[in-house]
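Observations on the three-dimensional arrangement
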Amino acid sequence: MGRAEERRARQRGGRRAAPPTRSSGTPSEGTAPGGRAAARQAARGKKGAKKGKSGIRRFFTWKKLLGAFFGFCLLGIGAFVVMYMMIDVPKGNAAAQKQSNIYEYSDGSVMARVGDTNREIVDLSEVPKEVQRTFVAAENKTFYTDSGVDLKGTARGLLNTLSGKGKQGGSTITQQYVKNYYLDQDQTVTRKLRELVISLKVDRTTPKDKILAGYINTSYYGRGAYGIQAAAQDYYRVDAKKLSVEQGAYLAALLQAPSQYDWAVASPTGKRLVQARWNYVLDNMVEQGWLDKGEREAMKFPVPKAPKAAPGLEGQKGYLVKLANQQLEKQLVKTQGITQDEAEARVENSGWTITLNIDKKKQAALEKSVKTQLISKLDPKKRPVDKNVQAGAVSVDPKTGKIVALYGGQDYTKHYISNANRTDYQPASTFKPVILAAALENNSETASGKPIGADTIYDGTSKRQVLDGNGNKVGFAPENEDDQDYGKQVTVQTAMNKSINSVFAQMGVDVGMDKVLATATKLGMDTGKLKALPAYTLGTMGASPLQMAGVYATLDNHGKQVTPSIIKSAEQGGTEIQLPDPVGEQVISREAADTVTSVLTGVVADGTAKVSVAENPARDGRKVAGKTGTSDDNLSAWFTGYTPDLVTSVGLFGEDAKTGAQTKLYKTAGLDRVNGGGFPAQIWAAYTFGVAGKNTKFDLDTDQGAAVQPTWTPTVSETPSETPSETPSETPSETPSETPSETPSETPSETPSQSPPTGEVSTPAESSTSPLNPFDPADEDQ
């Protein structure tokens, strides 16, 4: 076709034929119609994709997003305006919410009624201006110029509440006053929003000085004290108008964490934190121009005075109430997501009816045993050391976990700290059963590959170097009591009976101290941040009679964890709070727990508790397991023991009557030394044999230990010395040839004709061990 025809064809609407393809494929693969169809399909796909993409863009344009944002803001503002108009400032009700707490014995009879709120309102003019400013410097430096709210802090609080993170910081003094005086401590979104609105209204209509006065008069300062006047009296024995700047700064610092910062009961960490907070307050005052820098530098931390007990809590009542409050507060923190200080404020004088697990008869018996076996033998006028003796005890039902009796000290009104749950003294050799439990639970072996059990042979040489698994010295060589050697071949049973330090030091390393501490935690001890050090085999950490009662109750309960509880029920306003079950899961095997119990019957049958417990006329055939303990320098002495149905831990502590510092018990009641087999074991026996049931036999799943008929008698290379002089004079001494009164099934594996010392093997002073609580220095601030 020539050019003329092509031109005419185009004019008629025709098209020039496509040139033939050069492809070797079939004709249809290269034809124009097929190509045009594919092109049209591709075009439609691109057009559709473009149309869809542009549709999404049209839906999410920046104008629409900006409009939605402003719409949301307007909606929020509108809602806030409505809230502001609808929420009125309520009538103050903080004082009205405070009611008596009623504490009952397990039988429902009233033990104590604690109710008069410790609060006295004072006018701001009665508080020195400098002291007023300590609270502003501590909590809200912009108080005098702000609008009464911290929007950022409130927003953070709302988010924390919604996410379940609990309390937030950053509230202004006005907000905290509104919460204390007009609202409550509930951590809810509704309460926080009401707090915000009411704070704005209060700040607009109320002078700043009146708000500050309300804040310092309604805040909780710990020790049951509400308001600055009560706090000034409780902590410094002065009226608020006589507070110094230093004292005011302490009270202001205290508000951040009253339970943690109370100097009388604060841990070393708590004391460091409150001192840091105190410095922060004073430094802020200097920064604000309220305090001269030179005057500030001359100030010293004002150590508060010891607490005064509330009336009606004399004797043991205050100790019982205090522990009940602490356990209830712990449960509120756990279940309601509030802080410890909020829980404390919610429990104090808030209309609770708390029924305790305390059995009136057992409680009276425990108090009587301490009085007859210890107090009656002390004469502070004749021997100054006698006034420094403190006793503590806790008695627990191992099947239920109920605390049935407790002794916290001679009188709560005279000694505020409860000896029953203080943790600042070493449990010493009462920790040795934990090491054996860890060995049994972990199927541990000696360095020579022998399984560790009651009959395992160890070297009882005093000051023997402890070796690791490779035979290398670990730098620890503990001394046995009086540096006595027990020979190179003693059984674990004998070592427990005689409380041989060198044996258990080596056993702890054989097991692995990390495993030992893990087992201690499972059994109920608070091991915290303790490092896995060999020194802890001697019980050089801190522990309380409450903790040790829980440990031994778990052993008595065949390895099912027992967490001693003093509360039977707690009810407020008709609502009863749910309490955890004191008996938990199986934490060590029954066989391991029962084997330890079997071994501990040997301590009573022919060991350090033989005279005070095994040969006690009131025993009446009851089977008993237990362990004595005496710490380094005779700072504490222990006996923790149990029958099949009752566990009781008794501790004696040397405490300076004036300073509260730890002191030695040497020469107490005229004795050379106070050992666990002395006063503690005597108190235990007088109490237990008077109240324990007649369930005289342990149901043990084990083929080891002193409670099992021995199949052989190991040779002990050295005969222990005669009864030491520290055995209390009122207890008859045993004769060397005396045969144990127990049946053969209780006879320990060593030869009965041997007369072991009745005194306890105390924890010696070791140059190679760490301090009382040898934490890693890097963890001091934890």
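Note that the structure is predicted; figures quoted are calculated from it, not measured. The residue numbering used here restarts from 1 in each chain and proceeds along that chain's sequence as written. Restriction of local features to residues with pLDDT of at least 70 applies here, the model being predicted, together with a cutoff of 80 or more for giving and counting side-chain atom pairs; totals for whole chains, interfaces and linings are based on all residues. Water and hydrogen atoms were dropped before computing side-chain values, which therefore reflect all heavy atoms in the structure.

**Points about the pattern of salt bridges**
- In what follows, salt bridge is the name for a side-chain nitrogen of Lys or Arg lying within 4 Å of a carboxyl oxygen of Asp or Glu. Enumeration according to the criterion identifies 17 salt bridges in this entry.
- Lys141 is the partner of Glu287 in a salt bridge, and the nearest nitrogen-oxygen pair spans 3.3 Å. Here Glu287 is found in helix H13 (residues 268-287), whereas its partner Lys141 is found in the loop between helix H5 (129-139) and helix H6 (151-162), with 146 residues between them in sequence.
- Using a relative accessible area of 31% as the deciding quantity, one classes Lys141 as partly exposed.
- When the shortest N-O distance is used, the salt bridge between Arg464 and Asp459 registers 3.5 Å.
- A single salt-bridge network, built from bridges that share partners, covers Arg422, Asp424 and Glu655. Under the DSSP-based scheme used, a helix requires at least four consecutive residues in state H or I and a strand at least two consecutive residues in state E, with every element numbered from the N terminus. The classification of residues rests on relative accessible area computed with a 1.4 Å probe and restricted to protein chains. Under 20% of the type maximum is buried, over 50% is exposed, and intermediate values are partly exposed.

**Considering unusual backbone geometry**
- Even without glycine at this site, Lys463 takes up a positive phi of about 65 degrees.
- Relative to the elements of secondary structure, Lys463 occurs in the loop between strand E8 (457-458) and strand E9 (490-491).
- Judged by relative accessible area, Lys463 falls into the partly exposed class, the value being 45%.
- A positive phi angle, near 55 degrees, is found at Ala669, a position not held by glycine.
- Relative to the elements of secondary structure, Ala669 occurs in the loop between strand E16 (646-654) and helix H25 (679-691).
- Judged by relative accessible area, Ala669 falls into the buried class, the value being 19%.

**What to know about the side chain of Asn480**
- Structurally, Asn480 can be placed in the loop between E8 and E9.
- Here a polar contact means two N or O atoms within 3.5 Å. Within protein one must be a hydrogen donor candidate and the other an acceptor candidate, and residues neighboring in sequence count only if both atoms are side-chain atoms. One polar contact links the side chain of Asn480 to the main-chain carbonyl oxygen of Gln484, over a distance of 2.9 Å.

**Structural notes on the packing of helix H11 (residues 245-254) against H13**
- Helix axes are fitted to C-alpha atoms over the stretch in contact, other axes to C-alpha atoms as well, and angles between N-to-C directions run from 0 to 180 degrees. Contact pair H11 / H13: the axes reach a minimum separation of 9 Å and the direction vectors enclose 120 degrees. Here H11 is positioned oblique relative to H13, judged by the angle of their axes. Considering how the two elements wind past one another, H11 and H13 form a crossing that is right-handed. Where H11 approaches H13, its residues Val245, Glu246, Ala249, Tyr250 and Ala253 are matched on the opposing element by Val274, Arg277, Trp278, Val281, Leu282 and Met285.
- When residues are grouped by polarity, Ala, Val, Leu, Ile, Met, Phe, Trp, Tyr, Cys and Pro land in nonpolar, Asp, Glu, Lys and Arg in charged, and all others, Gly among them, in polar. Of the residues that constitute the contact of H11 with H13, the class distribution is nine nonpolar, no polar and two charged. The labels follow the angle: roughly parallel below 35 degrees, roughly antiparallel above 145, roughly perpendicular from 65 to 115, and oblique for the rest. For any helix crossing, the convention is left-handed if the near helix is rotated counterclockwise from the far helix by under a right angle, and right-handed if that rotation is clockwise. Any two residues whose heavy atoms approach within 4.5 Å are treated as being in contact.

**What about the sheet that holds strand E1 (residues 101-104)?**
- The mixed open sheet is built from five strands, whose spatial order is E2-E1-E5-E11-E12. The open sheet has two edge strands, strand E2 (110-114) and strand E12 (575-576), and neither has a second partner.
- Whether two strands pair comes down to DSSP finding at least two bridges between them. Bridge count between strand E11 (residues 567-572) and E12: two bridges; the pairing is antiparallel. Across the sheet, residue Gln572 finds its bridge partner in E12, namely Thr575.
- Here helix H15 (residues 317-336) sits on the sheet and contacts E1, E2, strand E5 (352-356) and E11; the angle it forms with E5, its principal contact strand, is near 110 degrees.

**Quick look at helix H20 (residues 501-511)**
- For H20, the buried fraction is high: 11 of the 11 residues fall into the buried class.
- Of the residues making up H20, those classed as buried are Asn501, Ser502, Val503, Phe504, Ala505, Gln506, Met507, Gly508, Val509, Asp510 and Val511.
- Buried positions along H20 lie against helix H18 (432-441), E8, E9, helix H19 (492-498) and helix H21 (513-523).
- One or two steps after H20, the chain reaches Gly512, where phi turns positive at roughly 105 degrees.

**Describing the side chain of Arg296**
- Its location among the elements puts Arg296 in helix H14 (residues 293-297).
- Given the relative accessible area of 11%, Arg296 is considered buried.
- A polar contact of 3.0 Å, which involves the side chain of Arg296, links it to the side chain of Asp283.
- Setting aside its immediate chain neighbours within four residues, Arg296 contacts Asn279, Leu282, Asp283, Val286 and Leu291.

**A closer look at the confidence of the model for the chain**
- Averaged over all residues, the pLDDT of the chain equals 81, while 73% of them reach at least 70.
- pLDDT is a residue-level measure of predictor confidence that goes from 0 to 100. Across residues 161-170 the pLDDT falls below 50, and counting only partners more than four positions away or on other chains, this stretch makes 24 contacts in the model.

**Thoughts on the sheet that holds strand E7 (residues 403-407)**
- Ordered in space as E7-E6-E16-E15-E14, the five strands form an open sheet in which the pairing is antiparallel. In the strand order of this sheet, the two ends are held by E7 and strand E14 (625-630), each with one partner. Taken pair by pair, the neighbouring strands of this sheet meet at an average axis angle of 5 degrees, ignoring direction.
- Here strand E6 (residues 389-396) pairs with E16 via eight bridges, running antiparallel. Opposite Ala391, over in E16, you have Leu652 as the bridge partner.
- Where helix H23 (residues 590-606) meets the sheet, it contacts E14 and strand E15 (636-643), and its direction lies at approximately 65 degrees from that of E14.

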